[in-house]
Each structure stands twice: as C-alpha cells, then as structure tokens.
Amino acid sequence: MERKRTDCPALPPGWKKEEVIRKSGLSAGKSDVYYYSPSGKKFRSKPQLSRYLGNTVDLGCFDFRTGKIMPGKMQKNKQRLRHDQLILAKGGKLDLNTALPIRQTASIFKQPVTKVTSHPGNKVKTDLQRGADQPRQLFWERRLKGLRSSDVTEEVLRSMDLPKGLQGVGPDTSDDTLLSAIASALHMSSAPITGQTSVAAEKNPAIWLNVSQPLCKAFTVTDEHIREQELKVYQARRSLEDALMADSLARAAENTRELLKGKTA
C-alpha cells in the first residue's frame, strides 16, 4: 500500500490527513482516508471525528475525503437554516423527511417515480399521454453498436458468448447488437420474451417486425438450458467468493505487517 500523510489546514493545528492507496486485490487503485490527532489517535470516518472534536470545530461543511471546507455545502446550510427559521416564525413545523423516494434499481432507463402521501385532500392526476405506449423506432438497438464496457483499469471487458440458438433478425445484426436488444427487452417488458415469431419478419423486417420483441428469431428455452445457466451462475459465485476471500486475507496480512512494524519502530 502507498501512504501519503499531509497536514490538514481545515482542522486544528497538528492534525494530519493520510491517504492509503490499495495496490492489490479487487479494490486495487482505490484509496482510504484517515485522520490523526496531534496525540496520534486514528479516525476512520467523519462521525468518529465529529464525536471526538465535539463543538470545538464545525464539521458541517467539512469534506472527509478531500480534507477541505466546501463552500457549496456552507451556502446550502445557510439557505436551509433561513428556510427553517422562516417556517418556525410562521408557526409551522419542520418537515424532517423531505427526501424524495429513490428507485433502488440499477436502471439505465429513465423511469418515473411517484411520491405517495397519506393526506386525504390530495388529488391524483393521470397523464393519459404518458400512460399510453410510445411508438418505438425500428432497429433502435443498432445505436448501441460499438459501445463496450470496461473495468476500473479502462480495459475493455470480454463480451458474452450467446447460445447457438439465438440468431439475429434485421440488417447487419451483430452479436453485440443482439445482446443489447435482449437485455433491453428483459428490462423494459413484462411480457414473455419469445423473439420474432413471424416468419415474414425474417424476409421483410421493416414491415413485419414486432417492436416489443428483440431482434432475434423465435427460440425455446429448455430445462437443459436452465440447468446449464444455473451451473454457470454457481461457478461464477464460487469464483467471486474465492476472490473476496483472497482480498480479505491480503488486507489482513497487510494490517498485521503494519502492526508489527509499528511495535518494532
């Protein structure tokens, strides 16, 4: 691990900020930030730092990762304080739960979120135009052609190998385009994914293409296919478990070496 310890001007004199960059394991390249008091006490998080300093230092606008006072946070805190004082002056009560709901899914598509409250006077308005199915452009999946995912080291990840039974429909349909089309259909549609069941779609897809189905020929998923996928998922989970265990052991060994080095120093 690479360690960088510098003075922290946002805290009282004598405080040090340490940034530790990980060199091995799955989290290689990421960094951890710690703070040390003048007496050498180590702090791993902002709540620990706040409990130790108490009211001596205002950490409301302090950014733990950079070690600096953020002017943007200071301005937001002043605006929120003025707003709360105005509400109290009018005899109202503070709304301590003003956060809008967040959709807990890793979605790449824009989806509406509705905030529902229990007030009987609320009126629910329905936008019929938004509720209706919007027309889809033919072969829109081809716009995703050439886009590749990469890891933290900016190395392009290997694409998935599709089963032989999945064959594309339409002009210039590659495996990457077919994979994007299937993934989009699984995410956006609640109906069964069967592919293009019409034989005419293969001859003239511009006319007979079913836009609610991906750009592939009709296929059937058998019990054997399901068992093969279950085996692949099991093997992937075992590989991930082994990698996480190796990373944990490497970090434990690194911490042990640091403790021994500190005792001998």
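Heads up: the structure comes first, above all this text.
Residues numbered from 1 in each chain as written. Predicted model: local features only at pLDDT ≥ 70, side-chain atom pairs only at ≥ 80, totals over all residues. Heavy atoms only, no water.

### Details of the overall build of the chain
If you tally the helices and strands in the chain, you get seven helices and six strands. Counting from the amino terminus, the chain carries its helices and strands in the arrangement β-β-β-β-α-β-β-α-α-α-α-α-α. Evaluated residue by residue, the chain yields a buried proportion of 19% over its 265 residues. For the chain, restricting intrachain contacts to residue pairs at least 6 apart in sequence, the fraction spanning at least 24 positions comes to 39%. (Helix = DSSP H or I, 4+ residues; strand = E, 2+ residues; numbered from the N terminus. Buried < 20%, exposed > 50% of the residue type's maximum accessible area, 1.4 Å probe, protein only. Contact = heavy atoms within 4.5 Å.)

### Considering the environment of T220
Tracing the backbone through its elements, the reader meets T220 in the loop between α6 (205-208) and α7 (223-264). Along the sequence, T220 and I193 sit 27 residues apart, while their C-alpha atoms lie 9.8 Å from each other.

### Section: the nonpolar core
Counting twelve residues, the largest nonpolar core consists of C8, L11, W15, V33, Y35, F43, L49, L53, V57, L59, F62 and F64. Counting residues per element, the ones that place at least two in this core are β3 (31-36) and α1 (46-53). Here L49 is in contact with L11, W15, Y35, F43, L59, F62 and F64, once residues within four sequence places are set aside. (Core = buried A, V, L, I, M, F, W, Y, C linked by side-chain atoms within 4.5 Å.)

### Here's the deal with the packing of aromatic side chains
Tallying each qualifying case throughout the model produces five aromatic pairs. On the numbers, 6.0 Å between centres and 70 degrees between planes, the contact of W15 with Y52 is edge-to-face. Note that W15 is positioned in the loop between β1 (2-7) and β2 (16-21) and Y52 in helix α1, a separation of 37 residues in sequence. An aromatic cluster is present here, built from W15, F43 and Y52 joined pairwise through their rings. The ring of Y36 is capped by R5, whose NZ or CZ atom sits 4.0 Å from the centre of that ring. We note K42 situated over the ring of Y34; from NZ or CZ to the ring centre the distance is 4.1 Å. (Phe/Tyr/Trp six-rings, centres within 6.5 Å; stacked < 30°, edge-to-face > 60°. Lys NZ or Arg CZ within 6 Å of the ring centre and 35° of its normal.)

### Description of helix α4 (residues 175-188)
In a regular helix each residue adds 1.5 Å, so 14 residues correspond to 20 Å; α4 covers 20 Å between its end C-alpha atoms and thus fits that length. Looking only at α4, the buried set comprises T177, L178, S180, A181, I182, S184 and A185. (Expected span 1.5 Å × (residues − 1).)

### Here we look at the sheet that holds β1
On the basis of which strands lie adjacent, the open sheet formed by four strands has the order β1-β2-β3-β4 and antiparallel pairing. Taken across any chain shown, the strands that pair with only one partner, and hence form the sheet edges, are β1 and β4 (42-43). Pairing analysis gives two bridges linking β3 to β4, with the strands arranged antiparallel. Following the sheet pairing, Y36 is matched in β4 by K42. (Pairing = 2+ DSSP bridges.)

### Some thoughts on the environment of D161
Inspection of the secondary structure assignment puts D161 in the loop between α3 (128-131) and α4. Separated by 14 residues in the primary sequence, D161 and D175 place their C-alpha atoms 8.4 Å from one another.

### Details of empty space enclosed by the protein
Taken as a whole, this structure holds two cavities of 30 Å³ or more when the rule is applied. If you go around the largest cavity, the residues you meet are R136, W140, E141, A181, S184, A185, M188, S189, V211, S212, Q213 and P214. In this structure, the second largest cavity spans a volume of roughly 40 Å³. Lining the second largest cavity we find Q137, L138, F139, W140, E141, L209, V211, Q213 and L215. Split by residue class, the lining of the second largest cavity holds six nonpolar, two polar and one charged. (1 Å grid on protein atoms, 1.4 Å probe; cavity = no way out; pocket = protein on both sides within 12 Å on 5 of 7 lines; lining within 4 Å. Points joined across faces, edges and corners; volume = space filled by probe spheres on them. Nonpolar A, V, L, I, M, F, W, Y, C, P; charged D, E, K, R; others polar.)

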